[in-house]
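# A look at the structure
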Protein chains: 2
Amino acid sequence: MNISADFLQRLTSALGPASVITDGPDLEPYSVDWRRLFPGTPACVVRPSSTAQVAHIVQVCREAGVPLVPQGGNTGLAGGAVPDPSGTQVVLSLNRMAAVRNVDAVGMTIEAEAGCILKVAQDAASAVGRLLPISLAAEGSATIGGVVAANAGGVNVLRYGMTRSLVLGLEVVLPDGTVANGLRRLRKDNAGYDWKQLFIGSEGTLGIVTAAILRLLPRPKHSVTALLSVADPAAALRLLALAQDELGDQISAFELISATSMQLVAKHAGLKAPIAQGDWFVLIEAASSLPGLREAAEAMLGAAFEQEIALDGVIAESGAQAAQLWALREHVTESEAREGKSVKHDVSVPLTEVPRFLDEAGEALAAGAPGTRVNAFGHLGDGNIHYNVLVDAGQDAGVVNRIVHDVVAAFGGSISAEHGIGQYRVGELARYRAQTELDLARKLKRALDPDGLLNPGKVLSP
Amino acid sequence: MNISADFLQRLTSALGPASVITDGPDLEPYSVDWRRLFPGTPACVVRPSSTAQVAHIVQVCREAGVPLVPQGGNTGLAGGAVPDPSGTQVVLSLNRMAAVRNVDAVGMTIEAEAGCILKVAQDAASAVGRLLPISLAAEGSATIGGVVAANAGGVNVLRYGMTRSLVLGLEVVLPDGTVANGLRRLRKDNAGYDWKQLFIGSEGTLGIVTAAILRLLPRPKHSVTALLSVADPAAALRLLALAQDELGDQISAFELISATSMQLVAKHAGLKAPIAQGDWFVLIEAASSLPGLREAAEAMLGAAFEQEIALDGVIAESGAQAAQLWALREHVTESEAREGKSVKHDVSVPLTEVPRFLDEAGEALAAGAPGTRVNAFGHLGDGNIHYNVLVDAGQDAGVVNRIVHDVVAAFGGSISAEHGIGQYRVGELARYRAQTELDLARKLKRALDPDGLLNPGKVLSP
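Predicted model only: the values in this text are computed from it and were never measured. (Residues numbered from 1 in each chain as written. Chains lettered and ligands numbered in written order. Predicted model: local features only at pLDDT ≥ 70, side-chain atom pairs only at ≥ 80, totals over all residues. Heavy atoms only, no water.)

Turning our attention to the overall build of chain A. Broken down by element type, chain A carries 16 helices and 19 strands. A compact globule built from 462 residues would reach a C-alpha radius of gyration of about 23 Å, and chain A, at 23 Å, matches this within 12%. Counting only C-alpha atoms, chain A reaches 75 × 55 × 40 Å along its principal axes. Looking at the 462 residues of chain A, the share that counts as buried comes to 61%. (Helix = DSSP H or I, 4+ residues; strand = E, 2+ residues; numbered from the N terminus. Rg over C-alpha atoms; globule rule 2.2 N^0.38 Å. Buried < 20%, exposed > 50% of the residue type's maximum accessible area, 1.4 Å probe, protein only.)

This is the structure we're talking about:
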């Protein structure tokens, strides 16, 4: 514990001793991310129960020059919410600020505190017949504050956008200890700078999100799920165009799964696609309040066969069958882990470039990292591919990263489509992003956090 | 012309004499907004043809300490794109940078230069079967750069969001003369701060938008338009809830029209609603790629009658009939102008508070500005009411503003839902927004534009 007794005394007298954790074992859950890839050592952990307490902690830390790391559900994939190993950083956990404050079914909004579990907020929306469409694997642990700070993606982005598109209002404690209260329940507000945008997706480096108001959507009454096999990613794109024509904006997921992914799922999870094997698979889900959805989906499937875009395909006849089709997609990551070591990439390229990207990345890996195997899958409808590379134990992950990211950069893509930068991709961001953009980011950071005390070493290199 | 010959020489040598306007009559279209409410006097007008030229102009102005006012189609409603009367500000018109650079039907993106007319971009999207859903009265003159800088709203916000939700990539010339190129054609990009958000809706005070990549949507195949009469705004809200249940997110417009608005349209435009008169009217439009839309609309109408929410109603039987229904809504503003002087407000409140807001604002006006008449209409589905007040010639507009905005503030609303702040509402914003938020805005302005040369006097008070 590399902080002074006086500093600790100031924290405990403000929060009460139960809200300040300094002992070894109790610190553990706050010290490392859930995948245990980014271990750190906090000076201590503080657990405020109100926005005023958060502001007070920020002030105390600022006066003492102690860095702060905000933390939600600790489910991030880039180590953005854990302290470094120095033992000098205070972890500020929002997990005691967990209330759903308000749900408005007609106005279609929900207000929740930063530490509210995503699933709890989803359920609160469901209870009044509305949909909070942020849906991701970690939804049982991820928090609203973390989801906002990370601008989380998930499986519904194609239809509903990233988290950013759902944020109506935000309350943020700024690095100077003041509270910016933008908890407005408004769908339209062009009065002055929309400053809340700065804090969405900046991973706790510019301010600490303490509460949010999110937009809800009508809950679709009907849904349809289909799995199709296609010859190649170009055919998958033609299928997407067809689906857009037939189903319009009611498509909620358009997932690409490679044959390798399907083989891994068969091998390790014992699940098999109920259609003839192809080299690539597409899982489509659409949902609507209107009747006629299934009719449109059948028309799409018919056209896909007639135009020889799809090799085989099935539409789920029940919710159970739909769940079976989704299970194939959902078991890819776990099956990959059972297969062995892999180097993961969460990349995006312009949608129509996905086929060429897959070709060129494959060729580059064959040349530069022979013996590796590609396990590609992901959100084709968003141009977002989880381009994971199965490697031998001896393979240098950095070499594989460089090969893949160089191809991504050549296509004008992003090295982090939805997982963020955290501590994991700081170096890669500095390498691939233009200097003007990095300078602009630093200018914003300096303007808001001149002493660099908020989540240092994340997103931007020190 | 209050600029030095040397400064003018530097501009003309860089751009060519044809791109620098210094003569009286040619300056006129750039000196005042289209409604002629905010007359100004530019030092000169520059018309660059490339991003490099824009950057050069910014550098020349910066070195000379000359303020710059970026201008698009000059259709703003708050005087945000015109110079002040001092004769010291250079107007930078983007109207020569008007190209549509790229339309991608499958990737559903369009890239256009800042000066591209909105209607031209809409048509380019239509030509490939896609929809650019920004739709507003000024679309034949408004430009993409202006629409982005203003975060324009319009009639489709309920379904597709404000302009912000459609911006994928942006190129911006910063106040220091550097170019931030974020023209990425990506639907998902969580690599670093999403700095482009800062420039959307900041009305040219933080940077000059030179090009944008916008998201396109599938073009719905079917549409349905209905006009219903209801007893009061609370019934209109119940109708909205019913429409959300039956039509889901396929509702593209939900417009409230008061009996006063309808009477003005009958008197001055000779148009009459084809249903029994009520105190309030709702115009609903829904559109979808799915069959079954009309069936759902009829179910909604049936339920609205059965639950005694609607007094009368009609569903358009043809495109021509739909246009006749829309004409009622579209003639409100013009009819109001013919009736006499009015004080306009573009306000929003939480959706479910609209009925109470209308009651309380009406009472406050009756008490504080007796003899005035309210002409309320607008986008109820967004909580955005154009709350216009018909006044005698002698009425002080400031008094009416204050009465209405005080009620808006009491409901946690916005004094500018979609029209922005410009020069018109600078004082009102300073009055109603919290100091922490104003401080934060100023901090951002200072960080990017320390000399305050970009569109001074707009959004923030000097």
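Before going further, it helps to examine the side chain of B:Asn151. As for its position among the elements, B:Asn151 is in the loop between helix 5 (144–150) and helix 6 (157–160). Residue classification places B:Asn151 among the buried positions, given a relative accessible area of 4%. Reaching out from B:Asn151, the side chain makes a polar contact with the backbone nitrogen of B:Thr163 at a distance of 3.5 Å. Those residues in contact with B:Asn151 that sit more than four places away from it in its chain are A:Asn190, B:Met162, B:Thr163, B:Arg164, B:Ile200 and B:Gly201. (Polar contact = N/O pair within 3.5 Å; in protein donor to acceptor, adjacent residues only side chain to side chain. Contact = heavy atoms within 4.5 Å.)

In this section: the relation of the copies chain A and chain B. Relating the two copies of this chain is a rotation about some axis coupled with a shift parallel to it. When chain A is fitted to chain B, the residual RMSD is 0.0 Å, and the transformation amounts to a turn of 180 degrees plus an axial shift of 0.0 Å. Expressed as a symmetry operation, the mapping of one chain copy onto the other fits a two-fold axis. Judged by C-alpha distance, A:Gly292 is the residue of chain A that lies nearest the rotation axis, at 2.7 Å. Same-surface contact between copies: 100% of interface residues of chain A are shared with the interface of chain B. (Least-squares fit on C-alpha atoms with pLDDT ≥ 70 in both.)

On to the UniProt feature "domain: FAD-binding PCMH-type" (unreviewed entry) in chain A. The residues that UniProt annotates with the feature "domain: FAD-binding PCMH-type" (unreviewed entry) are residues 38–219 of chain A. Annotated as 21% helix and 26% strand, the span residues 38–219 of chain A places its first and last C-alpha atoms 38 Å apart. (UniProt positions renumbered as here; feature names shortened; annotations may be inferred.)

Looking along a regular strand, one sees side chains alternate from face to face of the sheet. Residue and element names in this part refer to chain A. Judged by how many residues are buried, strand 8 (residues 167–173) sits mostly within the fold: 7 of 7 residues are covered. When strand 8 meets strand 10 (residues 208–215), the two strands line up antiparallel, connected through 6 bridges. Each residue of the ladder has a partner; that of valine 167, found in strand 10, is leucine 214. Hairpin connection of strand 8 to strand 9 (residues 179–182): 5 residues between the antiparallel strands, including glycine 177 at a positive phi of 90 degrees. (Pairing = 2+ DSSP bridges.)

This part takes up the packing of helix 9 (residues 259–269) of chain B against helix 12 (residues 332–339) of chain B. All names here are of chain B. The N-to-C vectors of helix 9 and helix 12 enclose an angle of 75 degrees; their axes lie 8 Å apart at closest approach. Viewed along their axes, helix 9 and helix 12 adopt a mutual orientation that is roughly perpendicular. Counting all contacts with helix 9, which are made through Ser261, Leu264, Val265, Lys267, His268 and Ala269, the residues of helix 12 involved are Val332, Ser335, Glu336, Arg338 and Glu339. (Axes fitted to C-alpha atoms, helices over the stretch in contact; angles between N-to-C directions. Parallel < 35°, antiparallel > 145°, perpendicular 65-115°, else oblique.)

As a further point, take the sheet that holds strand 2 (residues 42–46) of chain A. Residues and elements named next belong to chain A. If you walk across this open sheet you meet the 4 strands as 1-2-4-3, and the pairing is mixed. Of all the strands in the sheet, the pair left with one neighbour each is strand 1 (20–21) and strand 3 (68–71). Here strand 1 runs beside strand 2; their pairing, made up of 2 bridges, is antiparallel. Each bridged residue has a counterpart across the sheet, and for valine 20 the counterpart in strand 2 is valine 46.

This next bit is on the interface of chain A and chain B. With 92 residues of chain A at the contact, the number on the chain B side is 92 residues. Summed over both partners, the interface of chain A with chain B comes to about 7,200 Å²; 58% of that surface belongs to carbon and sulfur atoms. When the buried surface of chain A facing chain B is broken down by residue, A:Lys188, A:Asn190 and A:Tyr193 rank first, second and third, together holding 15% of it. The interface formed by chain A and chain B contains 18 salt bridges. B:Arg433 is paired through a salt bridge with A:Asp189; the nearest N and O atoms lie 3.4 Å apart. The tally of links from chain A across to chain B stands at 46 residue pairs in polar contact (both at pLDDT 80 or more). Only helix 6 (157–160), strand 9, helix 7 (196–199), strand 11 (217–218), helix 8 (233–247), helix 10 (293–306) and helix 16 (435–448) of chain A provide two or more residues apiece to the side of chain A that touches chain B. Here the element with the most residues in the side of chain A that touches chain B is helix 16 of chain A; it accounts for 9 residues. Class assignment for the residues of the side of chain A that touches chain B results in 40 nonpolar, 28 polar and 24 charged. (Buried area = accessible area lost by both parts, 1.4 Å probe. Salt bridge = Lys/Arg side-chain N within 4 Å of Asp/Glu carboxyl O. Nonpolar A, V, L, I, M, F, W, Y, C, P; charged D, E, K, R; others polar.)

Residues and elements named next belong to chain B. Taken together, 5 strands build an open sheet; the order of strands is 5-6-10-8-9 and the sheet is antiparallel. Each having just a single partner strand, strand 5 (100–104) and strand 9 (179–182) make up the two edges of the open sheet. The average angle at which neighbouring strand axes cross in this sheet is 10 degrees, direction not considered.

A separate point is the side chain of B:Glu255. Residue and element names in this part refer to chain B. If you trace the backbone, glutamate 255 turns up in strand 13 (residues 251–258). Here arginine 329 takes part through its side chain, which lies 2.7 Å from a polar atom of the side chain of glutamate 255. Setting aside residues no more than four positions away along its own chain, glutamate 255 makes contact with Phe281, Val282, Leu283, Trp326, Arg329, Gly378, His379 and Leu380.

Once that is clear, we can look at the packing of helix 8 of chain A against helix 10 of chain A. Residue and element names in this part refer to chain A. Remark: helix 8 packs on helix 10, axes separated minimally by 9 Å, with the N-to-C direction vectors making an angle of 150 degrees. The chirality of how helix 8 crosses helix 10 is right-handed. Every residue of helix 10 that contacts helix 8 at Leu239, Leu242, Ala243, Glu246 and Leu247 is listed here: Leu293, Ala296, Ala297, Ala299, Met300, Ala303 and Ala304. When its residues are assigned to classes, the contact of helix 8 with helix 10 shows 11 nonpolar, no polar and 1 charged. (Left-handed = near helix turned anticlockwise from the far one by under 90°.)

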